[in-house]
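# Structural description and commentary
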Amino acid sequence: MRDAATVRFFRSVPVLATSNGPVDVGSTVMRFPDSAAAHAAYAAQTKHTDAVAGILPESAGALGDEAHAGELAQTAGDGTPVVEVTVTWRTANLVSTLVVRSRQGGVPLGDALILAHSQAAGER
């Protein structure tokens, strides 16, 4: 890996049980010397994600050169059903991982993919 950057956004909501949209978003981009090294890192990252107990692998569709998603549903301390979606993709020598957390309901994977596609557009 040559470089990496991470950013996190958190939106405080008065009541998690009635919140709409993502409340916690984290994004990491890693830059590798070439696409082969990036592919190896992408494969390791997706293997690690899929090994999380209870995660449901999902299709990330057409995103970059390779893409993978996983969805993990849990219950918050107040009893609210919550979901964490992890989307990992590779574009040339860049590997990006986006983690989106929200109240379960609506379209968590869809919300995450909207953000991922927006980020990927800047990577080309």
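Residues numbered from 1 in each chain as written. Predicted model: local features only at pLDDT ≥ 70, side-chain atom pairs only at ≥ 80, totals over all residues. Heavy atoms only, no water.

### Thoughts on the nonpolar core
The tendency in soluble globular proteins is for nonpolar side chains to be buried side by side. Counting residues in each nonpolar core, the largest one holds 15 residues, and the members touching the most others are L63, V85, V87, W89, L98 and A116. Mapped onto this core, the elements with two or more residues apiece are β5 (81–91), β6 (94–103) and α2 (108–121). With six residues, the next largest nonpolar core counts F32, A41, Y42 and V95 among its residues. (Core = buried A, V, L, I, M, F, W, Y, C linked by side-chain atoms within 4.5 Å. Buried < 20%, exposed > 50% of the residue type's maximum accessible area, 1.4 Å probe, protein only. Helix = DSSP H or I, 4+ residues; strand = E, 2+ residues; numbered from the N terminus.)

### Overview of the pairing of strand β2 (residues 22–31)
The side chains of a regular strand alternate, residue by residue, between the two faces of the sheet. One ladder, built from eight bridges, connects strand β1 (residues 3–10) with β2; its direction is antiparallel. Note on β2: the bridge partner recorded for F10 is D24. Pairing of β2 with β6, which is carried by nine bridges, proceeds in the antiparallel orientation. The residue of β6 that forms the bridge with V25 is V100. (Pairing = 2+ DSSP bridges.)

### Let's talk about the sheet that holds β5
The six strands lie next to each other as β1-β2-β6-β5-β4-β3, forming an open sheet whose pairing is antiparallel. Since the sheet does not close on itself, it has two edges, and those belong to β1 and β3 (56–58), each with one partner. Averaged over all adjacent pairs, the angle separating strand axes in this sheet is 15°, with direction ignored. Where strand β4 (residues 66–75) lies against β5, ten bridges are found, and the strand directions are antiparallel. (Axes fitted to C-alpha atoms, helices over the stretch in contact; angles between N-to-C directions.)

### Points about helix α1 (residues 35–50)
Over its 16 residues, α1 extends 22 Å from the first C-alpha to the last, a length consistent with the 22 Å expected when each residue adds 1.5 Å. Inspection of α1 places A38, A41, Y42, T46 and T49 among the buried residues, and these make up the whole buried set. Projected onto a plane normal to the axis of α1, the buried residues spread over an arc of 130° and lie on a single side. Exposed residues on α1 whose side chains face more than 90 degrees from its buried face are A36, K47 and H48. Looking at the buried side of α1, the elements it contacts are β4, β5 and β6. Regarding α1, its N-cap is D34, as a side-chain oxygen of that residue lies 3.2 Å from the backbone nitrogen of A36 further along. (Expected span 1.5 Å × (residues − 1). Arc of directions from axis to C-beta. Contact = heavy atoms within 4.5 Å. Polar contact = N/O pair within 3.5 Å; in protein donor to acceptor, adjacent residues only side chain to side chain.)

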